[in-house]
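Listed below are the residues making up each chain.
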Amino acid sequence: MELQTYLLLSAVTFIIGVVGVLARRNAIIVFMSIELMLNSVNLTLVAFSAYLGDVTGQMLVFFVMTVAAAEAAIGLAIIIALFRNKQTVNLDDINILKW
Amino acid sequence: MLTSNILSLTIFFPLVGVGALLAVKKDSVTAIKWIGFGTSLLTFLLSLALYFGFDPSVTEFQFREKAMWIEQLNISYFVGIDGLSLLLIVLTTFLTPLALLGTWDSISHRLKEYMMMMLVLEVGMVGVFAALDLFLFYIFWEAMLIPMYFIIGIWGGQERIYAAVKFFLFTLFGSLLMLVAILALGYYASTMPGGMFTTDLLALYDVGPRLALSVQTWMFLAFALSFAIKVPLFPLHTWLPDAHVQAPTAGSVILAGVLLKMGTYGLIRFCLPLFPDASFKFTPLLSVLAVIGIIYGALVAMVQTDIKKLVAYSSVSHLGFVVLGTFAMTEEGIQGAIIQMVNHGLSTGALFLLVGMIYDRAHTRMISDFGGLAKVMPVYATFFMIITLSSIGLPGLNGFVGEFLILLGSFKSGFLASYWYTVFAATGVIFAAVYMLWMYQRVMLGPVRSDGLYGGHKVSDLTRREIVVLVPIVLFVVWIGVYPNTLLSKTAPVAKQLVQSMESARQGGHTRVADVPQP
Amino acid sequence: MFSLAPAIVLFPLLGFLFLGLFGSRLNNERLIGIVGSGTVGLSFLVATAIFIEMLGLPPEQRKEIVQLFAWIGTFTGTSTSLSVSVGYQIDQLSILMTLIVTGVGFLIHVYSIGYMHGDPGFWRFFTYLNLFIFAMLNLVLADNFLLMFLGWEGVGLCSYLLIGFWYDRKFETGGYKPGTAYTGDAAKKAFIINRIGDFGFLLGMFLIYVQFESLNFDTVFGRAAVVNVGGEVMTWMTLLLFIGATGKSAQIPLFVWLPDAMAGPTPVSALIHAATMVTAGVYMVARCSILFALAPTTLQIIAVIGALTAIMAATIGLVQNDIKKVLAYSTVSQLGYMFLAMGVAAFGAGIFHVTTHAFFKALLFLGSGAVIHAMHEEQDIQKMGGLKKYMPTTYKTFLIGAIAIAGIPPFAGFFSKDEILWKAFSSDYGSVLLWAIGVLGAGITAFYMFRLTILTFEGEERFDHRHIHPHEAPRTMTIPLIVLAGLSIVGGFIGIPQSLMGGNALEQWLEPIFAPALSKLRVMPHHVEVTEYILMVLSVGIALAGIYGARLVYLRRQELSALWQQKYARIYNILWNKYYLDEVYDALFVRPTLRLSNSLLWKGVDVAVIDWMVNGTATAVAWCAFWVRRVQTGVAQMYATVLVGGIVVILFWLMIK
């Protein structure tokens, strides 16, 4: 398997994640898309790590996973808090942060 | 320790009162009033120590204190006073307790915060007059803006928010430009042979005059704009009537008595000596604006219907005299300008106090609501008359000394090079009599109103407290009028030195650094 | 003895301070009156003592300057720095003026005790009067221009305070729009018009300072003595000073305040607006005679203005019906004569007239005060008549005053007025025309003064007997009248001209003061000529004709006056309306200024332009913000989209580069 394949897959999943974040309205889906983007980055890191024979990349992946776990906990908590307030997780309805 | 730090002590002493106020419950009204008044009175006593310790024969700054503050930028805490600062500091510390005492019962809403604001304001004002480091000066300059903003905005009249914002924006607009100029000046200091970045005024006195005219021009404009707004010079004056009318009485007293002087103080302390060549260039412009201000302020004051607004516009006229005297750049002119600052502080401060006293009683300031007050409030009318006369420059009272010296100075000034400035400015003396006496007549003279009520209220003559407030002012008004030498001898070195340095600059005494890089 | 000079000034000041601080609590008219007039009396005594000592000294020792303390100085120690002190100069001229001010002033103070009896402002009145004497003494005794200016403005202030003394009363304005105004209006008018004059004085003072580098009389006059005659600077300087004099001494074009000033209590009119303050302008010109001598052009202007004022005011006086107004116009007219004298370089004659005029005009005013008092504040002479029966002393003294002002020998007015007329004729700076105007004015003066006397004291009684019971004034009022009447009779003897076998003592006394000026002007002491006698007889004849005319019209053929009034209605209207000067000033200066200030400057420039720009800037910023903030939708995904778009654009840009 060549490096490009991994990178291509990583790019595709990243773009799927970006589009998911930008286009979907459900906060849970957006949240999952963010996770997807993080993991696509992880894939890139691992691929380069193997390609270069350097473990730094894999180490970084562990960091990202840790942070993602923490983020998932807080993010879900925020979404639940939001739902309790607004009875919805539709992002279009959550637009009070404006003039 | 005490003697060497007496100036800093005077500057920051009101903070002691602020600290004490923090510890007091907000509904113990009497304690709050006495802490505020007592602190400002003690500050006044401290400044008296400055006054009597001051040596008028020395031309240099006295009571100097210097401590490194921001080492990387060579900025220091540097204070010191000369005759000019001395008089203005004493004026500030003198007016503050009187303003507080004069409005003893006027403020009931959020009294504690009000007192704290007044005391913080005093720190800023005294600091402005004492600072010898431009950065420090800027800090004090802005620091005094904030409490004044709140004083107008919280304790003001109907349109207080509009007035407060207007006041704030006008002043901030000018002072930001000044900050840029201060930094630029520090930068130019570092481009001098062997120089480094500094905001030390005394060091910059050597730097400024050596800059190329084009550089001086821009920096002069930045400084002068900031000060002209504060003065206020026509046509930058429109914040003043609003701020004065909306501010509570004590705020108006301080605003007119001290804050306006900061503009003219800045012109004398910074603009002229730092940028002499640019000053010459702009002398005609600023003098014309000053003369326009004198006549314009007087004419507009003439047709006001609100006493406070009338007094506010009269300030425009009086401060025009100060600017004219400053730019005459003669000994008489500068001396007159300085003493006129003090005079205006006393008489306009007193006028605002007097207006406040009648407002507390009648709850109106419209001239048409009054008439015949002299019969109902004879003591009040007498004080009002004396202050009115002081304001229109009757010889024997303080106003005359300043106006006379200013007009004489501008008349013989070689810098103005025309008698017409003086001729037109002197018409302001006529108009002053017109608007003040007309107002006095409509308020005080004539028959008592048929129902005997003013603004629907029964009014009574001054209380003992109010008389205690006014008597010291009147004493000073007479004292300066009869024996102004007490003050003039203090400020003589300032005037002499300034005129000499301006003269030598005019004759090309400074070596120009022509190839200063442009920023 | 000379060193006591400051005491002259000090006494009234002490009186002022005492009465001002404690007067309201004293509640004792007697004490207030004694303090008020006593201080002035003491000043008079000191002045007299100095004067007597002076008489015994040779002329060159009659001058001394007493410096008290430094007043205004710049202390910069450079050669040009200003230094003015409070110092008093005793010399022949100032002691003469001091004697007049304190002497006549004392009599009027005494008179006021009776006149102001029962007034709630009794203490205030004496406070102001003492302040006035203090200021006036500063004016005449000052040894420099600035202190003189202090007195100059100080008397103006007292005039203001005293005209508006009864500030809740109204007075008849008369003229074009007959009606009433508050006394405050008259007071304000007086002060402001005086301020216009002071504006000239101030500028003149600046010019003096620039030219001579000092404000001290001695220094300035010393340096002026070596200046050439006719310089442009000197002309401007003296013209500016003269503007000051026209304000204070009520000359064309600034005399309009004086008739209105009659709104004040009558002793005030006598003291301030007849005897002392209004002559300050004359005194100032006399004091600065050397400066004026250097500007013959100014002298010409002064002479013309003086003559015109004399005749103009006299003609207005012909038709006025208010007893005090007539006297006021007569004062303006007489002041015109004094300036005529100054203008033809007859400084001594001018001061002579100041002296005699102080006596008889104070007398006339005090007499009119007694009448007004007796008539219960009635001032219209058409509602008087026949009062001599009820108030014989007042009548007799008033008559003496009228004869004196008419210029009938040997009364005081004759000598001084004749001296002026002769100088107007004979001096190098005079002319036949000036003399002719002066003589005509003298005839008119005699006519209207006797019109006044007759309508007031003689003929039928036209007042309402049911309400008005005329009575002679109390002793405190009649004694000053008698003293002044005596002075009006003998006062002229101090200046009997050589032509009448006198030595002209006054002129010799003042000779050292005016000598420098006269030598500059090359005025020679004149010799007695036949012409002088002819002119003298002529002027007395015209005065007698005026008196006869008045008796004819107002006593014997009373129908004449009404007839003339109809026949010459146009002239009568012009005179009655004071040549419409008040209206002209109102239309030219007052109303345009107010309108300009109100609609153009305040509501135009201030509100509509400057504030519009200020608020406009704020509005513009707010408007921009209103549209720009639309970008901030609050939808987080939109922000993210823009963010990603931005990243994509930057990436592309980096790739293409």
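Reading the values: the criteria
- Residues numbered from 1 in each chain as written.
- Chains lettered and ligands numbered in written order.
- Predicted model: local features only at pLDDT ≥ 70, side-chain atom pairs only at ≥ 80, totals over all residues.
- Helix = DSSP H or I, 4+ residues; strand = E, 2+ residues; numbered from the N terminus.
- Buried ≥ 20, exposed ≤ 12 C-beta atoms within 10 Å, placed from the backbone.
- Contact = placed C-beta atoms within 7 Å.
- Nonpolar A, V, L, I, M, F, W, Y, C, P; charged D, E, K, R; others polar.

J.: Would you mind going over the overall build of chain C with me for this structure?
T.: Of the regular secondary structure elements, chain C holds 25 helices and 4 strands. Oriented by its inertia axes, the alpha-carbon framework of chain C measures out at about 125 × 65 × 55 Å. Relative to its 657 residues, chain C shows a buried fraction of 56%. Counting contacts in chain C only where the partners sit at least 6 residues apart, residues at least 24 apart contribute 81% of the total.

J.: Before we go on, may I ask you to explain unusual backbone geometry in this structure?
T.: Cis peptide bonds are those with omega within 30 degrees of zero, and the linkage from B:V231 to B:P232 qualifies with -5°. Cis geometry marks the peptide bond from C:I252 to C:P253, where omega comes out at 5°. As for its placement among the helices and strands, C:P253 is situated in the loop between helix 8 (232-248) and helix 9 (257-260). With a phi angle near 60°, A:Q87 is a residue other than glycine that sits in the positive phi range. Relative to the helices and strands, A:Q87 resides in the segment after helix 3 (56-86). Take A:Q87: there are 9 C-beta atoms within 10 Å of it, and that puts it in the exposed class.

J.: What should I look at first to understand the interface of chain B and chain C in this one?
T.: Size of an interface, as often reported, equals the accessible area lost when the parts are brought together. With 43 residues of chain B at the interface, the matching set in chain C holds 41 residues. Of all the secondary-structure elements, those providing two or more residues to the side of chain B that touches chain C are helix 11 (276-302), helix 13 (331-362), helix 14 (373-376), helix 16 (398-412), helix 17 (420-444) and helix 19 (485-506) of chain B. In terms of residue count, the dominant contributor to the side of chain B that touches chain C is helix 17 of chain B (11 residues). Grouping the amino acids of the side of chain B that touches chain C by side-chain chemistry returns 28 nonpolar, 10 polar and 5 charged.

J.: What's the story with the interface of chain C and chain A in this structure? I'm lost.
T.: Taken together, the 10 residues of chain C in the interface contact 10 residues of chain A. Residues belonging to the side of chain C that touches chain A are distributed by class as follows: 4 nonpolar, 5 polar and 1 charged.

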